[in-house]
Amino acid sequence: MASNGKQWVLLAAGSTGWENYRHQADVCHAYQVVRQNGIPDEQIVVMMYDDIAYNEENPFPGNVINVPRGPDVYDGVPKDYTGQHVSAENFLAVLRGDSRAIRKRGRKKVIKSRANDSIFIYLSDHGGHGVFQFPNSTLYAHDLIDTVREMSRNGKFSQMVIYMEACHAGSMLDALPQLGNAYAVAASTPDESSYACFFDKKRNAYIADIFTAYWLNHTKRKNLRFSTLEEQFHYIKEKVRETVAEWGVSQTPCHYGNMFMLQLPLSEFLGQSSGDVRRIYKSQSRNFEVTDVVESANVPLLIQQNRIRKERNPRRREALEREHNDLKRKRSTMDKAVQKIAQRCTSDRGLRALSEKHEVTRTYALKSVAEHFRTTVFNWDEEPFVFTCSHLQVLVNLCECGLEVRSITAAIDYVGQRIQF
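Definitions and cut-offs
- Residues numbered from 1 in each chain as written.
- Predicted model: local features only at pLDDT ≥ 70, side-chain atom pairs only at ≥ 80, totals over all residues.
- Heavy atoms only, no water.
- Helix = DSSP H or I, 4+ residues; strand = E, 2+ residues; numbered from the N terminus.
- Rg over C-alpha atoms; globule rule 2.2 N^0.38 Å.
- Buried < 20%, exposed > 50% of the residue type's maximum accessible area, 1.4 Å probe, protein only.
- Areas by Shrake-Rupley, 256 points an atom, 1.4 Å probe, with all protein chains shown as cover.
- Lys, Arg positive; Asp, Glu negative; His and termini not counted.
- Charge placed at Lys NZ, Arg CZ, Asp CG, Glu CD.
- UniProt positions renumbered as here; feature names shortened; annotations may be inferred.
- Contact = heavy atoms within 4.5 Å.
- Polar contact = N/O pair within 3.5 Å; in protein donor to acceptor, adjacent residues only side chain to side chain.
- 1 Å grid on protein atoms, 1.4 Å probe; cavity = no way out; pocket = protein on both sides within 12 Å on 5 of 7 lines; lining within 4 Å.
- Points joined across faces, edges and corners; volume = space filled by probe spheres on them.
- Nonpolar A, V, L, I, M, F, W, Y, C, P; charged D, E, K, R; others polar.
- Patch = residues over 30% accessible without salt bridge, like charges linked within 9 Å, V, L, I, M, F, W, Y side chains within 5 Å.
- Salt bridge = Lys/Arg side-chain N within 4 Å of Asp/Glu carboxyl O.
- Pairing = 2+ DSSP bridges.
- Axes fitted to C-alpha atoms, helices over the stretch in contact; angles between N-to-C directions.

This part takes up the overall build of the protein chain. Secondary structure summary: the protein chain contains 14 helices and twelve strands in total. The C-alpha atoms of the protein chain give a radius of gyration of 21 Å, which matches the 22 Å a tight globule of 421 residues would have. If you line up the protein chain on its principal axes, its C-alpha atoms span 60 × 55 × 45 Å. Within the span of the protein chain, comprising 421 residues, buried residues form 58% of the whole. Carbon and sulfur atoms form 45% of the exposed surface of the protein chain, whose accessible area is close to 18,400 Å². Charge separation in the protein chain, taken as the distance between the mean sites of 55 positive and 50 negative side-chain charges, equals 3 Å.

Given below as structure tokens:
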């Protein structure tokens, strides 16, 4: 990066609801780190629904934490895009600096980057094969990669780094060009889940994600002028793999894009904290350890079980139990729906589509099929915990086995007319 280049940061949490506390906490914490490292607010864009800090379930109104007994990370965070304005469309428009394409009244803050500038992007939410969720919209892999390629061709940055916290995050980033000027780190491989951590009993919430906990810890401890992207990646990968192995599961951070960028110092993207700040943090986090590891898909069920267990009012407890049972029933119905779709459009009665795990290559086909499913069978934006990564995997498999999109959508139409949630 040229000495006169600016550093731009785009932070996005794509979820809503108390069950997803950790995603907004991740983003708030990331903001505090880059702001403390000297990157000014006018070069940082924050997107988060903003329904956690003052949520009725928050026993500490206005307070959000990202590590156990940690400091408030919500104070001072810009409200650039909140509520319905946190969308896949707005995210891409902000990234490419296209204020005219943003659906929002009032100030439309965007990344106004130029050829000498660097861009750091961090996203945290639920993901699936070739998708990353936003409230009421979905970011598809090819839309993200196409935007990065277009920006690179148009001289909108000198170098870009993307960190993504999500299940199957690798499937969003594995098409990043190796000869371009962008580099990305995914929390998990294309076929792996990511894991939440740090359960807070008072809040009844998982307050962080493993991958993010480690990259932020490393960033705060190191002198970023001398610590490189390569050093951070190897630290994160080793720590995440060690931690989840202790809990009998697997999650492997992976990286994509231009590997020549690995030698770049982190300070070119994340700023630089003072030596005093690093020393204080090191003394406070000498025994930093990630605990309470749980698969992301299980978090809402565990939180609901805790709500039921703690509720003393019989009527409210019954209502919570109905919600819990309803979610389990709808997941079972979803299992049947995708099974029937696979059986209807394959000659082997869906055997391969229901059992195999293909990676996403037909990204445009997947978007057509997935959006048709969302609008025809079940809108996962309205009830985000019913349609899971395993269900999306079946749609991926159908696309990857060579079927035409119209034959898959015809099966979706048939099943959608005959199944009720």
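Note that glutamine 84 resides in the loop between strand 2 (44-47) and helix 2 (88-96). Taking the C-alpha atoms as reference points, glutamine 84 and glutamine 272, separated by 188 residues in sequence, lie 33 Å from one another.

Right, let's talk about the UniProt feature "active site" (unreviewed entry) in the protein chain for a bit. UniProt annotation of "active site" (unreviewed entry) refers to His126 and Cys167 when read in the numbering used here. The greatest C-alpha distance among the residues just named is 6.1 Å, despite their covering 42 residues of sequence, which places them together in space. Apart from the residues within four sequence positions on either side, histidine 126 is in contact with Asn20, Arg22, His23, Phe132, Gln133, Ala166, Ser296 and Phe385. At 2.7 Å, the side chain of histidine 126 forms a polar contact with the side chain of asparagine 20. Following the sequence through the fold, cysteine 167 ends up in the loop between strand 7 (159-165) and helix 4 (170-173). Ignoring sequence-local partners within four residues, the contact set of cysteine 167 consists of Asp125, Gly127, Gly128, Ser188, Glu192, Ser193, Ser194, Ser296 and Cys389.

Under the counting rule described, the total for this entry stands at three cavities of 30 Å³ or more. Taken as a whole, the largest cavity holds about 50 Å³ of empty space. In terms of lining, the largest cavity is formed by His29, Asn66, Val67, Thr212, Ala213, Leu216, Asn217, Lys220, Tyr281 and Phe288. Per-element accounting of the lining of the largest cavity gives the leading share, five residues, to helix 5 (residues 210-221). Per-class residue counts for the lining of the largest cavity are five nonpolar, four polar and one charged.

A contiguous patch of positive charge on the surface is contributed by Lys6, Arg107, Lys112 and Arg114. Tracing the sequence through the fold places lysine 112 in the loop between helix 2 and strand 3 (118-124). The exposure class of lysine 112 is exposed, given its relative accessible area of 61%.

What the three strands build is an open sheet, ordered 4-5-6; its pairing is antiparallel. The sheet is open, and its two borders are formed by strand 4 (127-128) and strand 6 (137-140), each paired with just one other strand. Pairing analysis gives four bridges linking strand 5 (residues 131-134) to strand 6, with the strands arranged antiparallel. By the bridge assignment, phenylalanine 132 is partnered in strand 6 with leucine 139. Contacting strand 5 and strand 6, helix 2 crosses the sheet at an angle of about 50° to strand 6.

Despite not being glycine, asparagine 204 shows a phi value in the positive range, around 50°. The phi dihedral of aspartate 292 falls on the positive side, at around 60°, and the residue is not glycine. Along the chain, aspartate 292 falls in the loop between helix 8 (275-284) and strand 12 (294-295).

Glancing now at the environment of histidine 85. Here histidine 85 is to be found in the loop between strand 2 and helix 2. Between the C-alpha atoms of histidine 85 and tyrosine 49, which are 36 residues apart in sequence, the distance is 8.1 Å. Non-local contacts of histidine 85, meaning those with residues more than four positions away in its chain, are made with Met47, Asn90, Arg103, Lys104 and Arg105.

Here we take up the sheet that holds strand 9 (residues 195-200). Taken in spatial order, the three strands line up as 10-9-12 in an open sheet, and their pairing is antiparallel. Strand pairing shows two members of the sheet lacking a second neighbour, strand 10 (205-209) and strand 12, which therefore form its edges. Bridge count for strand 9 against strand 12 is two bridges, and the pairing is antiparallel. When the sheet's bridge partners are listed, alanine 196 is paired in strand 12 with valine 294.

With that settled, consider the side chain of serine 113. Here serine 113 lies in the loop between helix 2 and strand 3. Relative accessible area serves as the criterion here: at 4%, serine 113 is assigned to the buried category. A polar atom in the side chain of serine 113 sits 2.6 Å from the backbone oxygen of lysine 156. Look past the residues within four positions of serine 113 in its chain and what remains in contact with it is Trp8, Ile119, Met151 and Lys156.

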